[in-house]
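# Working through the structure, step by step
The primary structure of each chain is shown beneath.
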Amino acid sequence: MTVNGERHEADVEPRTTLVDFLRGTLGLTGTHVGCEHGVCGACTVLWNGKAVRSCIMLAVQADGAELKTVEGLADGPTLHPIQRAFLEKHGLQCGFCTPGFMISVYELLSRTSTPTDEEITDTLGGHICRCTGYQSIVEAVHVAVEKMRTK
Amino acid sequence: MSERDTGIPTSVAELPNSEPRYVGRPIDRLEDPALLTGRTQFIDDLVLPRMLHCAILRSPHAHATIVSVDTSEAEKLPGVVAVVTGEDAKRWSNPVMTVPPGWGTHCLATDKARFVGEPVAAVAAVSRYVAEDALELIAVEYEPLPAVADARKALDVGSPLVFEQNGDNVMLRKLFTWGDVDGAFAGATHVVQREFRWNRLGANPLETFGVVSQWDELEGTLTCRGSFQAQHHFAMARAMVFNLPLNKVRFIAHPHGGSFGGKGGARGTDITALLSRKAGGRPVKWIEDRMEYLAGGASQAWDRHYDAAVALDAQGKVLGFRVRLLDDLGATAEGWGAVSAAKPLTSFTGCYAIPAAQYDLTIVATNKLPGSPYRGMGPPPHNWVLEQLMDLAARELALDPAEIRRRNFIPPDAFPYTIASGNEYDSGDYAAALETALAMADYPALRAEQARLRAEGRYLGIGLVNTIEPGVFDWNAYAIVGQPGTGVPEGATVGIDLFGKLTIKVGFALEGQGQYTVAAQVLADWFKVDIADVRVIALDTLAAPPHFGPGGSRLGVAITGAVLGAARRLTDKLVAVAAGLFRTTPEHVELRDGRIGVKGMPEASMPFQEVAQTMLARSDLLPPGVDPNPEATYVWTAPGRTPADDQGRAKSYLTAANACHLVLVEVDVETAQVHIRKYWIADDCGTRLNPANVEGQTQGGVAQGVGAALLEEAVYDEDGQLRTSTFMDYLLPTIYEVPMTEKRALCTPSPFTPLGAKGCGEGAMHTTPAAILCAINDALVPLGLELREVPASPQRLWTLLQQGKAARR
């Protein structure tokens, strides 16, 4: 598979989850495990351009796939506009759920540069944040839209 | 003692800087770049050489004698290195201390299991997958016992006993009477009395608890790395559990993915320590999974039955307040959950000048998960009860809910004000918060809209609630459950390096509230440097200055005090050196706008960095007796706190923030769904050191309050089986449920605290559940119904609506 542009090959037990593979085998620990049953969204990664929950996928399902994780967002020390927007709008507190949120927002903004409020809500609706109460995350998405447009 | 005696500024104007750039402004957080790029090292990201992974076998029974545990097959599984049971725990450790005392067990069940999810055995293996495989090979023979999962039944004679040796299930029973309560009720023209039920719910941070423990038999030391809140506190407890000197226990807290009160994880830490010992000192990691968290972690709090009443005169003035609380703490008192029954003493009578009050408290054990702290620690359900009674009283007296509150507020000129239960409020203007919220919402227009829609058969409700947020935690209020103590230290070490940059060393890990940024803001403004020139680092329990860390809306104020105190001490050192260099005496030298020089002589000054560099590079030039290290430590403790008297009265939490929440809901009487339509907040937590942090804490508290009010509930059946062990059935609020709120800040600075700030971490959790339930009940008035149980789930509300329909038929 290719993760953040880098090719990886490994033998895995069939039962290995994708998130365990990313974190344990590849050492990409930015993707977090929150509930292990697909509800909270903390483990969200891009799988061939689609946001998926890596805790309820098997590593073998990603054979040959193109993956993107939070580590693939920034360009060296330069934060991605989405990351920048989350920072500016205080769209995170403990930050544990944040990589998952940002990956879903990334997918949304890859599909459309002018998301409706409903699309934003539905994108964020698949994620649980226990700290922020979502308001600052919504604001961060609006700022990210603006930043992506003027990039 | 006041802050003035310590030289710590109580207002921003007192900083040695004519143009502070950071304090009071919404500064971007220093914590964020690492979090946003996935580089922050949470505990599960840590890999140590030869590290093993732990999985824990848990009791499927709520109450059962453990006849035998056979681990021989598990031990044979390739990859398994160590297996531990209750026998190992008995051999190598003590039961944990509890509050109240005498209700604790070892980290693994020995004689019997007391709740579903209690650890019975554990495995350390080369991977978590193998460790979980091994659990299936452990044979435990149980003899199930009758269980008790209801607090009222636990009081019955003949109830199953959770701890037989204690004779009954009553962990604590106490009655406190403050003032002439009987007289107040006897002389009242109105008495409003109701029963209320608050069901169990809990913290549920997105990151569960995790730990890596390492036992060194040669040195006799234990090192634990983990997502610890209050690392030093847990190190002390481990020293007692394992009979180790405290200097041989080292705790290293990693950043946590949220805590909200529950990141201590005593059992997991102790189990991994035992496994490491048995595995010859290899580090053992345990990451709690979500089902373990929900069934056996710090996931449950506040399982309460209330019977409460207010007595009023004809004008709606509250004369007395009575609360009888039956608190179900679950199987043990290990989780510090009992302190949440004590914390209401810090704000028993809320925002109101109620002269007499009574607290009749019973805490019982049942065969359920032990209760743990959760954001707010007890006042949230208490406030809910008090505010419902205020609304009911208003209805009985035909007063507007706003008016009855106005008539009872502690007036702004009465501060500092000591409430009936003994705590002192520092400052506030409650009417101002109320009027602000009413104006924001255009309250008269809302009421008109409510009346108009009511005529159309739609049920809108308005909830209007004022509460106190006791801030800056200490132990004094907890004396009534057997937890003595005055003061909680928070230390900071501030130093200047040879290149002139500043470092703050603290004893707590990131948890999300942004306190590293606050510490850096304060120090940057003290020395008038760019915030980028300040770095904050966390040290472990053996290296850090005395500390407690986050908890009880405390750390923002406490770390500000610690940093300012250390900066003051460091400045005194610099002044002494500069006085020598300028050939004058220290009283003629001062720090002003980043320069140290002779007072009134701007030309006789130098940047503070140069003084520090002289200390580091040319200590031979210094005046005699000067410590040449440009570093200082200060340990801050809330000033003026008092231990509790025999009635539990103490000057306890230092600050009393307050807020008014006004919420508009619509109840769909067909589906029993509650829709939050609008939400306004007027909030006063004194000086806002970083307003963005405060707003985030407020909004996050609203979200958790919405969960408490409408969704979250740990459900047990009557046999003590947990029915909510996943996020499919324990419902956390998502963006669809949490309203975007309109907030306005008010400010009555605390006269007692550094820079006038008040604790603000838990505020909205104190207010939101009460506000939403007041709104729901306001909506139900035309139906003659009252919902007196949380959460107001659709099922619960639907049942009530059906009962109402049946009664009207």
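Going by the structure above, here's the rest.
Residue indices begin from 1 for each chain and proceed along its sequence in written order. Going through the entries in the order they are written, you letter the chains from A and number the ligands from 1. Owing to the predicted nature of the model, reporting of local features is limited to residues with pLDDT of at least 70; listing and counting of side-chain atom pairs is limited to 80 or more, with chain, interface and lining totals taken over all residues. Note that the side-chain values use all heavy atoms of the structure and ignore hydrogens as well as water.

We now examine the overall build of chain B. Helix and strand assignments follow DSSP, with helices taken as H or I runs no shorter than four residues and strands as E runs no shorter than two, numbered in order from the N terminus. Along its length, chain B carries 21 helices and 29 strands. Only the C-alpha atoms count toward the radius of gyration. The rule for a globule is 2.2 Å times the residue count to the power 0.38. In terms of overall size, chain B behaves like a compact globule, its C-alpha atoms giving a radius of gyration of 28 Å where 809 residues would be expected to give roughly 28 Å. On the principal axes, the C-alpha backbone points of chain B span a range of 95 × 75 × 50 Å. Each residue is placed in one exposure class: buried if its accessible area under a 1.4 Å probe, protein chains only, is under 20% of its type's maximum, exposed if it is over 50%, and partly exposed if it falls in between. Among the 809 residues that make up chain B, the fraction classed as buried is 65%. The contact definition used throughout considers only heavy atoms, calling two residues in contact when any of these lie within 4.5 Å. Residue pairs in contact within chain B that sit at least 24 positions apart in sequence constitute 79% of those at least 6 positions apart. Surface accessibility of chain B: about 27100 Å² in total, with carbon and sulfur atoms responsible for 52%. Residues scored as positive are Lys and Arg, those scored as negative are Asp and Glu, and His as well as the terminal groups of each chain are ignored. By convention, the charge on Lys lies at NZ, on Arg at CZ, on Asp at CG and on Glu at CD. Across chain B, the 74 positively charged side chains and the 94 negatively charged ones have centroids separated by 1 Å. Using a 1.4 Å probe, accessible areas were evaluated by the Shrake-Rupley method; residue-level cover was limited to the displayed protein chains.

Before going further, it helps to examine the overall build of chain A. Per the secondary structure count, chain A includes 5 helices and 5 strands. Starting at the N terminus and ending at the C terminus, chain A contains elements arranged as β-β-α-β-β-β-α-α-α-α. For 151 residues, the compact-globule estimate of 2.2 N^0.38 gives 15 Å, and the C-alpha radius of gyration of chain A, at 15 Å, lies within 12% of that figure. Along the first, second and third principal axes, the C-alpha set of chain A runs to 40 × 30 × 25 Å. Across chain A, contacts joining residues at least 24 apart in sequence account for 60% of those joining residues at least 6 apart. When the accessible surface of chain A is summed, it comes to about 6100 Å², and 47% of that surface belongs to carbon and sulfur atoms.

Here we come to helix H5 (residues 128-135) of chain B. Residues and elements named next belong to chain B. Residues of H5 that are buried: Arg 128, Val 130, Ala 131, Ala 134 and Leu 135. Within H5, the buried residues cover an arc of 160° as seen down the axis, which keeps them to one side. Those residues of H5 hidden inside the fold are in contact with strand E1 (52-58), helix H3 (72-76), strand E3 (80-85), strand E5 (119-125), strand E12 (284-287) and helix H10 (290-296). Under the rule applied, a polar contact is a pair of N or O atoms within 3.5 Å (in protein, one hydrogen donor and one hydrogen acceptor; residues adjacent in sequence only if both atoms are side-chain atoms). Where H5 starts, the residue carrying a side-chain oxygen 3.3 Å from the main-chain nitrogen of Tyr 129 turns out to be Ser 127. Within this analysis, the arc is defined by the directions that extend from the helix axis to the C-beta atoms.

Aromatic ring pairs are described here by two measures, namely the spacing of the ring centres and the angle between the planes. Residue and element names in this part refer to chain B. Here a Phe, Tyr or Trp ring, Trp counted by its six-membered ring, pairs with any other such ring whose centre lies within 6.5 Å, and the pair is stacked when the planes are under 30 degrees apart, edge-to-face when over 60, and tilted otherwise. Tallied over the entire structure, the rule returns 27 aromatic pairs over all chains. A centroid spacing of 5.6 Å and a plane angle of 70° characterise the contact between Trp 198 and Trp 384, whose relative ring orientation is edge-to-face. Separated by 186 residues along the polypeptide, Trp 198 in strand E8 (residues 190-198) and Trp 384 in helix H12 (residues 379-396) bring together distant segments of the chain. The same class applies to Trp 198 as to Trp 384, namely buried. With centroids separated by 5.4 Å and ring planes inclined at 50°, the aromatic side chains of Phe 321 and Phe 348 adopt a geometry described as tilted. Remark: Phe 348 occurs in the loop between helix H11 (339-342) and strand E15 (356-364) and Phe 321 occurs in strand E14 (residues 318-328); sequence separation between them is 27 residues.

Turning our attention to the interface of chain A and chain B. If you look at the interface, chain A gives 48 residues, while chain B gives 54 residues. Carbon and sulfur atoms make up 60% of the area that chain A and chain B hide from each other, which totals about 4000 Å². Here, a salt bridge means any Lys or Arg side-chain nitrogen found within 4 Å of an Asp or Glu carboxyl oxygen. Inspection of the chain A/chain B interface yields 5 salt bridges. Note that Glu712(B) is salt-bridged to Arg130(A), the shortest N-O span being 2.7 Å. Contributing elements (two or more residues each) for the side of chain A that touches chain B: helix H1 (18-25), helix H2 (81-88), helix H3 (98-111), helix H4 (117-124) and helix H5 (135-149) of chain A. Looking at the side of chain A that touches chain B, the element that brings in the most residues is H2(A), giving 5 residues. When residues are sorted by character, Ala, Val, Leu, Ile, Met, Phe, Trp, Tyr, Cys and Pro go into the nonpolar class, Asp, Glu, Lys and Arg into the charged class, and all the rest, Gly among them, into the polar class. Of the residues contributing to the side of chain A that touches chain B, the split by class is 22 nonpolar, 17 polar and 9 charged. Here the quantity called buried area is the total loss of accessible area, with a 1.4 Å probe, experienced by two parts when brought into contact, counted for both.

What follows is about unusual backbone geometry. Residues and elements named next belong to chain B. The omega angle of the peptide bond from Phe 415 to Pro 416 is -5°, so this bond is cis rather than trans. Looking at the element boundaries, Pro 416 is found in the loop between helix H13 (401-408) and strand E16 (417-418). Each neighbour pair has its own omega, and for Val 790 with Pro 791 the value is -5°, a cis peptide bond. With respect to the helices, strands and loops of the structure, Pro 791 is situated in the loop between strand E29 (789-790) and helix H21 (794-808). Its identity as a non-glycine residue notwithstanding, Trp 336 has a phi of 65°, on the positive side. Mapped onto the elements of the fold, Trp 336 is located in the loop between E14 and H11. Of the residues examined, Trp 336 reaches a relative accessible area of 19% and is grouped as buried.

A separate point is a nonpolar patch on the surface. A cluster of nonpolar side chains, namely Leu498(B), Phe499(B) and Leu616(B), defines an oily patch on the protein surface of about 340 Å² accessible area. Mapped onto the elements, Leu498(B) comes out in the loop between strand E19 (490-496) and strand E20 (502-506). Candidates for patches are residues over 30% relative accessible area with no salt bridge; among them, like charges are joined within 9 Å and nonpolar side chains (Val, Leu, Ile, Met, Phe, Trp, Tyr) within 5 Å.

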